[in-house]
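Commentary on secondary and tertiary structure
Chain residues, written in single-letter form:
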Amino acid sequence: AAYLGTDLIGIARLPSLPTVGESKSETDSNYPFAVICAVKADYDPRKAPGIGGQVPVQKGLFITFVLSAWIRELGFRATAVLDPNAEKLAATAGLGTLDAKGRLVTAQFGSRVHVANVIRTDLPLAPDG
């Protein structure tokens, strides 16, 4: 991920599989780990719809697409998904902490960081954080 241009990366363990009677979405099934990539953002992509604000989004999409493809080439399953809890997973993976609004704040970039799509995988990894 660093080779592809991510500024921060972390691994989080995903919740275990559901018990009998619970439903689980297809994107969550059998993926024990999440790879979380974050890139420095000069502007908040949620507030800056122009090219300047969307550069970290595009960079994050590129990184997670290529990284998940590489994991699949290794023979493991991997999918990059937009996760509404991405910033919470990033905090779990040790990338930073959450502020009062639930936004990720890192030591390196403060709140000027964009959390890319989460890569869910069965590649055996050691969780951070």
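For the structure given in this document, a descriptive report is provided here. (Residues numbered from 1 in each chain as written. Predicted model: local features only at pLDDT ≥ 70, side-chain atom pairs only at ≥ 80, totals over all residues. Heavy atoms only, no water.)

Structural notes on helix H1 (residues 51–73)
Its 23 residues give H1 an end-to-end C-alpha distance of 32 Å, which sits within 8% of 33 Å, the value for a rise of 1.5 Å per residue. Tucked inside the fold, the buried residues of H1 contact strand S2 (33–40), strand S3 (78–81), strand S6 (113–115) and strand S7 (118–121). Positive backbone phi, at 100°, marks Gly 75, one or two positions downstream of H1. (Helix = DSSP H or I, 4+ residues; strand = E, 2+ residues; numbered from the N terminus. Expected span 1.5 Å × (residues − 1). Contact = heavy atoms within 4.5 Å.)

Things to note about the environment of Asp 122
Its location among the elements puts Asp 122 in the segment after S7. Considered as a pair, Asp 122 and Thr 79 are 43 residues apart in the sequence and their alpha carbons are 9.8 Å apart. A distance of 2.7 Å separates a polar side-chain atom of Asp 122 from the backbone nitrogen of Arg 77. (Polar contact = N/O pair within 3.5 Å; in protein donor to acceptor, adjacent residues only side chain to side chain.)

A short note on the side chain of Glu 87
With respect to the secondary-structure elements, Glu 87 resides in helix H2 (residues 86–92). Here Arg 46 takes part through its side chain, which lies 2.8 Å from a polar atom of the side chain of Glu 87. Among residues more than four places away in sequence, those in contact with Glu 87 are Arg 46, Leu 98, Gly 102, Arg 103, Leu 104 and Val 115.

Digging into the environment of Pro 32
With respect to the helices, strands and loops of the structure, Pro 32 is situated in the loop between strand S1 (8–13) and S2. Look at Pro 32 and you get partly exposed, because its relative accessible area is 29%. If near-sequence neighbours (up to four positions away) are discounted, Pro 32 is found in contact with Ala 12, Arg 13, Leu 14, Thr 121 and Asp 122. (Buried < 20%, exposed > 50% of the residue type's maximum accessible area, 1.4 Å probe, protein only.)

So, the nonpolar core
Counting residues in hydrophobic clusters, the biggest one holds 16 residues, and the most contacted among them are Ile 36, Leu 89 and Leu 95. If you list the elements that add at least two residues to this core, you get S1, S2, H2 and S6. Once residues lying within four places of it in the same chain are set aside, the contact partners of Leu 95 are Leu 8, Ile 9, Gly 10, Ile 36, Ala 38, Ala 90, Leu 104 and Thr 106. (Core = buried A, V, L, I, M, F, W, Y, C linked by side-chain atoms within 4.5 Å.)

Some thoughts on the pattern of salt bridges
A complete count under the given rule lists 7 salt bridges for this structure. Across the pair Arg 77 and Asp 122 runs a salt bridge, and its minimum N-O distance is 3.5 Å. A residue pair is termed long-range when its members are at least 10 positions apart, and Arg 77 in the loop between H1 and S3 and Asp 122 in the segment after S7 qualify at 45 residues. (Salt bridge = Lys/Arg side-chain N within 4 Å of Asp/Glu carboxyl O.)

Topic: the packing of aromatic side chains
Taken as a whole and assessed by the stated rule, the structure comprises 0 aromatic pairs. The ring of Tyr 31 carries the charged tip of Arg 77 above its face, separated from the ring centre by 4.4 Å. (Phe/Tyr/Trp six-rings, centres within 6.5 Å; stacked < 30°, edge-to-face > 60°. Lys NZ or Arg CZ within 6 Å of the ring centre and 35° of its normal.)

As for the side chain of Ser 68
Of note, Ser 68 is situated in helix H1. Here Ser 68 falls in the buried class, since its relative accessible area comes to 3%. Residue contacts for Ser 68: discarding those within four places in its chain leaves Ala 78, Ala 80 and Ile 119.

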